Amino acid sequence: MNEPVHMNEPLQMERAVNEIEGYLLWEAEKDRARTRAAAFCAGLPWLTDTQRQEVELRYCEDQRDASRAYLERIAVRSATLRTEYRSVYRALRRRLITAFVSGTLSVAVLVTVAAVGLTTR
């Protein structure tokens, strides 16, 4: 027996892919922060192992917080742009439909006038 196809399955799949992509990107960002922290601490050879671990930890936390704040600003800006673009798209679509309908009516009127002119001769 065939199972019914759910209309929201593509949307759920897209959300799942977005979540996986977001997770992988965040893990890559954390890895970059650890790499930068290690490079930063390499320039401080006088640190003890305990101090080095503490500095790396603090550096990673700072980078994570900065990255999170940056991503949140990007998300807010993206939502704002999406709203703006949707409204512009709707306005352009209305204009296009209006122009198409006006053009079609103009052609219909011209054809009618030409047909009437030809039949009255």
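Above this text sits the structure in question.
What counts as what
Residues numbered from 1 in each chain as written. Predicted model: local features only at pLDDT ≥ 70, side-chain atom pairs only at ≥ 80, totals over all residues. Heavy atoms only, no water. Helix = DSSP H or I, 4+ residues; strand = E, 2+ residues; numbered from the N terminus. Rg over C-alpha atoms; globule rule 2.2 N^0.38 Å. Areas by Shrake-Rupley, 256 points an atom, 1.4 Å probe, with all protein chains shown as cover. Lys, Arg positive; Asp, Glu negative; His and termini not counted. Charge placed at Lys NZ, Arg CZ, Asp CG, Glu CD. Buried < 20%, exposed > 50% of the residue type's maximum accessible area, 1.4 Å probe, protein only. Polar contact = N/O pair within 3.5 Å; in protein donor to acceptor, adjacent residues only side chain to side chain. Contact = heavy atoms within 4.5 Å. Patch = residues over 30% accessible without salt bridge, like charges linked within 9 Å, V, L, I, M, F, W, Y side chains within 5 Å. Salt bridge = Lys/Arg side-chain N within 4 Å of Asp/Glu carboxyl O. Phe/Tyr/Trp six-rings, centres within 6.5 Å; stacked < 30°, edge-to-face > 60°.

The helix and strand inventory of the protein stands at two helices and zero strands. A globule of 121 residues ought to have a C-alpha radius of gyration of about 14 Å, yet the protein, at 30 Å, is considerably larger. Of the roughly 10700 Å² of accessible surface on the protein, a fraction of 62% belongs to carbon and sulfur atoms. Side-chain charges of the protein comprise 18 positive and 16 negative groups, with the mean position of each set lying 14 Å from the other.

Let us now look at the environment of Glu61. For Glu61, the position within the fold is in helix α2 (residues 49-119). By relative accessible area, which is 27% here, Glu61 ends up partly exposed. Put simply, Glu61 and Ala38 are 23 residues apart on the chain and 13 Å apart in space, counted from C-alpha to C-alpha.

A few words on the side chain of Gln63. Locating Gln63 in the fold gives a position in helix α2. A distance of 2.8 Å separates a polar atom in the side chain of Gln63 from a polar atom in the side chain of Arg36. Beyond its immediate sequence surroundings of up to four residues, Gln63 is in contact with Ala33 and Arg36.

This part takes up a positive patch on the surface. Taken together, the side chains of Arg82, Arg86, Arg90, Arg93, Arg94 and Arg95 define a basic patch exposed on the protein surface. Within the secondary structure, Arg86 is located in helix α2. Owing to a relative accessible area of 47%, Arg86 belongs among the partly exposed residues under this scheme.

The next point concerns the packing of aromatic side chains. Overall, the coordinates contain one aromatic pair when judged by the stated rule. Residues Phe40 and Tyr59 carry aromatic rings whose centres are separated by 5.3 Å and whose planes lie at 25° to one another, so their mutual orientation is stacked. Placement of the pair is Phe40 in helix α1 (residues 9-42) and Tyr59 in helix α2, with a sequence separation of 19 residues.

On to the environment of Thr119, then. Summarising the element assignment, Thr119 is placed in helix α2. Under the relative-accessibility criterion, Thr119 is labelled exposed at 65%. Within the structure, Thr119 has its side chain in polar contact with the backbone oxygen of Val116 (distance 3.0 Å).

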